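Fold and contact review
Listed here are the chains, written in short residue letters.
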Amino acid sequence: MRFTRQKLSTTLLLGTAVALVFAAPDFALAQSNDEAAEQDVTLDALVIETESYSAKAPVEGYVAKQSSTGSKTDTPIEEIPQSVSVIGREEMDNLGVDKADEALRYTAGVFSQPYGSDTDTNWFFIRGFDATQTGTYLNGLQNYAYGFGAFKIDAYNLERIEVLRGAASVLYGSTNPGGMVNYVSKRPTSDPLKQMEFSVTENGKLGTGIDFSDQLSESAAYRLTGNFTNGEEQVDENEGFQGSIAPSFLWNPNDDTSLTMLSSFTFVDGQHNGGLGFLPYSGTVVDASYGKIDPDTNFTEPSLDKDMRRQVMLGYELEHNIDDSLTFRQNARLGHANIHEVYYYPNGYVTNSTDLKRVGFEHRTKMTSVGLDNQLEKKFATGKFDHTLLGGLDYKYYQIDHTQLSQSWPATATSVSPVNPVYGAAQPALAAYTDQEIAMNQVGFYAQDQIRFGDGWITTLNGRYDYITTDASDPISTYNNYQDTEGEWSGRAGLAYTFDMGLTPYVSASTFFNPVLGSSSNSVFIPETGEQYEAGLKYVPQNFDGLFTVAVFDLTRQNVVTGSFQNERQLGEVNSRGIELEAKANLTENLLLSASATAYDIEVTKDEDTSIIGKQPVIVPTEMASLGLDYTFRQGMLNGLRLGGGVRYQGASYADESNQYEVPSATVLDAGIGYEVKDTWKLSLNVSNLLDKEYVAGCKSVNSCGYGEGRAALLKLTLNM
């Protein structure tokens, strides 16, 4: 698929057209002001909770005060007995974030983009465990994924990204054991907002962003955000159109009730990076006889490649204060996506040759998800104990209907040169090996009591029970047919003490579970389970705005699936323990800081293959560190000039379970510069991997390695109308 200049310009024209539609009433009003001056009507300001301490509000600088991700109630971050990180809109903009997983590069305990830049998936590991499919949430409701059925979230439509590290089942039910990422959407604002953004990358990908918000009446307001891009990515032939628009609406009929409607519509029509995460160890990490594969090489078939997505998400958040101490909340979302992908990728070398074997793959996936969370929060006192009691009932539904096709492997594999691929050769027919429909229902009951007493003590007690049913059918393969019913308990207990000088030590213990879809010749897979122990310190300085955290933890994940496809066994166990340090600070009005350091000891403690017990799992590095600084001049001749920079380090990892093939460590530099005329316009240039460091980000096997993203520049002009 080729994109002409006319198609590229469509991106900008579409954004401009939408802007004019919403700006037109203002122009018309300005023209009629002289004729109807006596009839001017001024609306009373709609009160919207957007203070920096609100868990859904914009973050001032780099330091968030509150979070609801770790407690489901608006709670100061230092009072949550687990590690929590928040990346706000300003930090995302200063980093030049073009994709949500890029925002997590400076976050402790998170390894993002393990296979490099992937245009259709936000990849990340938390505390050593892959959270990409079962650890992502949007506004507190899970974006569950299975196979290739995952929802795409556009970073432009987000106000903040929150990371809760460690077990979260006690609040959210089934979820990744290492932690979760909660995307928080932009919402209607108190003040009118009319903003447009135009961007271009070093490869010529053009983008238009729109962000409008205003009152509709004394009790209602709207916001419309959207992002549209078109053009090429870093890898050859990896190009396409992506568009996402997210309308939201706020209604406050009275002081005690608010209803926020949240929606998004996403459209993708593009081509893949054929080879992302599928390159051989020899030829990427180490030289092959021909040297190394160029990171920009694409091994797909451009004339056959297809990346199509149609996605819609509709939801709401209702909150009602029954009285001064009792609040009811209901959050709900319906999501649906229709995805069709075709691509070709390498899978090892042809025997006695330097050519790569190439496999063709296609899938057609339709998925529907429903999330509903009912909460009742009561604040009361018993003697000298102040309680914030939360009770809830939530429901999750995930249904996927997917067909996967491939060629007969390896008999019909085509070969391709690793240094000079030639496109256009005839490809073998693809045949379906999966035609499966899965429906999963989960109902959970939970309770939490946050107890404050003794001038600084905070105890957090949680309990939860979940009931899960799964039904899978596949007329092609009996291996994909199964039914299961499971019930699981989870719990958490935390204790903290807040000193007057801002220091809060804490300890916590929690259990978790995570359903595993699939079965073996023995039985249906049961949920993964395990426990986590964590202790830490959180420090809020008194003389400047900051949050400093350190946490040590011991996390055990049980019932891990091991073995190869159609020969899997649920015998594995992995232990992850380590230390995480993070600093977020608005050191002055001008100078902002983000820093982190992570050190893990991750090992397999049980497996069907006893030779890998004690070994480190593949892909994940055990050391990571980052430091970012951003300075803005606010007076004098340089007033409005912003300078930023950062350094990121990832330690060594392994490409095989026996730990014979090491992937070396890497350090990359980032930089940014911008100039702003306040309330008028802003121009910024961000460059990640400034020195164009060539390195392998991670390998899941010796035939599946991915280069880290090379130098990427993003030039952006923001206009306030």
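What you see as residue numbers is a count from 1 along each chain, following the sequence as written. Note on the predicted model: pLDDT of at least 70 is required for a residue's local features to be given, and 80 or more for side-chain atom pairs to be given and counted; whole-chain, interface and lining totals, by contrast, use all residues. Side-chain measures here rest on the full set of heavy atoms in the structure, leaving out hydrogens and waters.

A short note on the overall build of the protein chain
Going by this rule: Every helix listed is a DSSP run of H or I at least four residues long, and every strand listed is a run of E at least two residues long, numbered separately from the N terminus. Our radius of gyration looks at C-alpha atoms and nothing else; its globule reference is 2.2 Å times the residue count to the power 0.38. Only protein chains enter the accessibility calculation, which uses a 1.4 Å probe; a residue is then buried when its area is under 20% of its type maximum, exposed when over 50%, and partly exposed in between. Any pair of residues with heavy atoms lying within 4.5 Å of one another is described as a contacting pair. Per-residue and other accessible areas were derived by the Shrake-Rupley procedure at a 1.4 Å probe size, with only the shown protein chains allowed to occlude residues. Under the convention used here, Asp and Glu are negative, Lys and Arg are positive, and both His and the chain ends fall outside the count. Note on charges: their place is set at NZ of Lys, CZ of Arg, CG of Asp or CD of Glu.
What the protein chain contains, in helices and strands, is 3 helices and 37 strands. For 721 residues, the compact-globule estimate of 2.2 N^0.38 gives 27 Å, and the protein chain sits close to it at 26 Å. A principal-axis box enclosing the C-alpha atoms of the protein chain has dimensions of 85 × 65 × 50 Å. Going through the 721 residues of the protein chain one by one, you find that 56% of them count as buried. Counted over contacts in the protein chain with a minimum sequence separation of 6, partners at least 24 positions apart contribute 67%. Of the accessible surface of the protein chain, which amounts to about 29,600 Å², a share of 56% is contributed by carbon and sulfur atoms. Across the protein chain, 51 positive and 93 negative side-chain charges occur, with their mean positions spaced 2 Å apart.

Things to note about the pairing of strand β27 (residues 569–586)
Put simply, the rule is: Strands are labelled as partners when DSSP assigns at least two bridges between them.
For β27, the buried fraction is high: 14 of the 18 residues fall into the buried class. Inspection of the sheet shows strand β26 (residues 545–562) paired to β27 by 16 bridges, in the antiparallel sense. Considered in β27, the bridge of R557 is made with V574. In terms of strand pairing, β27 meets strand β28 (residues 591–606) through 14 bridges, oriented antiparallel. By the bridge assignment for β28, I579 is matched with A599. In this structure, the hairpin formed by β27 and β28 is closed by a connection of 4 residues.

Brief notes about the side chain of K186
Our working rule: Here a polar contact is recorded for every N or O atom pair within 3.5 Å, except that within protein the pair must consist of a potential hydrogen donor and a potential acceptor, and residues adjacent in sequence are included only if both atoms are side-chain atoms.
The topology assignment puts K186 in the loop between β10 (179–185) and β11 (193–201). A polar contact is formed between the side chain of K186 and the side chain of D211, at a distance of 3.2 Å.

Description of the pattern of salt bridges
Just so we agree on the cut-off: Take a side-chain nitrogen of Lys or Arg and a carboxyl oxygen of Asp or Glu: if they are within 4 Å of each other, that pair is a salt bridge.
One pass over the structure, following the stated rule, counts 31 salt bridges. The salt bridge involving D373 is made with K72; its shortest N-O contact spans 2.9 Å. In this pair, D373 is assigned in strand β18 (residues 356–382) and K72 in the loop between β1 (66–67) and β2 (75–76), connecting sequence segments 301 residues apart. When its relative accessible area of 2% is taken as the criterion, D373 is described as buried. The closest approach of N and O atoms between E709 and R105, which form a salt bridge, is 2.7 Å. Here E709, found in the loop between β36 (704–707) and β37 (712–720), pairs with R105, found in the loop between α2 (89–95) and β4 (110–112); they are 604 residues apart in sequence, far enough to count as distant.

Things to note about the state of the cysteines
Two cysteines, two sulfur atoms, one covalent bond between them: this is a disulfide. For clarity, the cut-off: When two cysteine sulfur atoms lie within 2.5 Å, the pair is treated as a disulfide.
Applying the stated criterion across every chain, the model contains 1 disulfide. A disulfide bridge connects C699 with C705, and the sulfur atoms are separated by 2.1 Å. Taking the sign of the torsion about the S-S bond as the criterion, the disulfide between C699 and C705, at about 110°, is right-handed. Note on C699: relative accessible area 0%, which makes it buried.

Quick look at a negative patch on the surface
Which entries qualify depends on this criterion: The patches described consist of residues with a relative accessible area above 30% and no salt bridge, like charges being joined within 9 Å and nonpolar side chains (Val, Leu, Ile, Met, Phe, Trp, Tyr) within 5 Å.
A cluster of acidic residues, D236, D294, D296, D692 and E694, forms a negative patch on the protein surface. As for its placement among the helices and strands, D236 is situated in the loop between β13 (220–232) and β14 (239–254). Judged by relative accessible area, which is 42%, D236 ranks as partly exposed.

Description of the sheet that holds strand β9 (residues 158–165)
With mixed pairing, 5 strands are arranged side by side in an open sheet as β3-β9-β10-β7-β8. At either margin of the open sheet sits one strand with a lone partner, and together these are β3 (84–88) and β8 (141–142). Pairing of β3 with β9, which is carried by 5 bridges, proceeds in the antiparallel orientation. The residue bridging V86 from the neighbouring strand is E162, located in β9.

Looking at the sheet that holds strand β5 (residues 124–126)
Two strands in a sheet stick together by hydrogen bonds in their backbones, pointing the same way (parallel) or opposite ways (antiparallel). Spatially, the 3 strands line up as an open sheet ordered β4-β5-β6, and their pairing is antiparallel. The two strands at the open ends of the sheet, each matched to only one other strand, are β4 and β6 (129–130). As paired strands, β5 and β6 are joined by 2 bridges and run antiparallel to one another. Among the inter-strand pairings, I126 is bridged to a residue of β6, identified as F129.

Section: the environment of I400
Tracing the backbone shows I400 in strand β19 (residues 385–406). I400 gets classed as buried once you look at its relative accessible area, which sits at 0%. For the pair formed by I400 and Y349, sequence separation is 51 residues and the distance between their alpha carbons is 34 Å. Those residues in contact with I400 that sit more than four places away from it in its chain are Y146, G149, T365, K366, M367, Q436, E437 and I438.

A word on the pairing of β14
By the bridge criterion, 13 bridges tie β13 to β14 in an arrangement that is antiparallel. Directly across from N227, in β14, lies its bridge partner S244. Counting the residues between successive antiparallel strands, the hairpin from β13 to β14 contains 6 residues, one of them, E237, with a positive phi of roughly 65°.

Quick look at a nonpolar patch on the surface
Among the surface-exposed residues, L643, I673, L683, L685 and L715 lie close enough to one another that they form a single nonpolar patch of about 370 Å² accessible area. You can see I673 is positioned in strand β33 (residues 666–677). On the basis of relative accessible area, I673 is assigned to the partly exposed category, the value being 40%.

Remarks on the nonpolar core
The following threshold applies: Buried residues of nine kinds, namely Ala, Val, Leu, Ile, Met, Phe, Trp, Tyr and Cys, make up a nonpolar core once their side-chain atoms join them within 4.5 Å.
Grouped together as the largest cluster of nonpolar side chains are 33 residues, with contacts concentrated most on L104, F124, I161, V181 and Y183. No other element matches β9, which puts 3 residues into this core. Sequence-distant contacts of F124, defined by excluding residues within four places in its chain, comprise L104, V110, F111, S112, F129, D130, A131, T132, G135, T136, V181 and Y183. Among the nonpolar cores identified, the runner-up in size contains 17 residues, and F129, F512, V574 and I619 belong to it.

Digging into the packing of aromatic side chains
Basically, it comes down to this: Here the aromatic set is Phe, Tyr and Trp, taking the six-membered ring for Trp, and pairing holds for ring centres within 6.5 Å; pairs whose planes are under 30 degrees apart are stacked, those over 60 apart are edge-to-face, and all others are tilted. To sit over a ring, a charge needs its Lys NZ or Arg CZ within 6 Å of the ring centre and within 35 degrees of the ring normal.
Counted according to the given criterion, the structure contains 20 aromatic pairs. Judged by centre distance (5.0 Å) and plane angle (80°), the rings of Y631 and F633 are edge-to-face. For Y631, a relative accessible area of 31% puts it in the partly exposed group. For F633, a relative accessible area of 24% translates into the label partly exposed. Three or more aromatic residues joined by ring pairs form one cluster here, namely F148, F278, Y343, Y345 and F361. The ring of F278 carries K700 above its face, with NZ or CZ at 4.5 Å from the centroid.

Description of the environment of V604
Examined against the element boundaries, V604 turns out to sit in strand β28. Residue class for V604 comes out buried when judged on its relative accessible area of 10%. With 32 residues separating them along the chain, V604 and G572 place their C-alpha atoms 7.6 Å apart. Once residues within four sequence positions are removed from consideration, V604 is found in contact with E573, V574, I612, I613, G614, K615 and P617.

Overview of unusual backbone geometry
One non-glycine residue, E237, lies in the positive phi region at around 65°. Checked against the element boundaries, E237 lands in the loop between β13 and β14. You will see that N559, though not glycine, has its phi angle at about 65°, which is positive.

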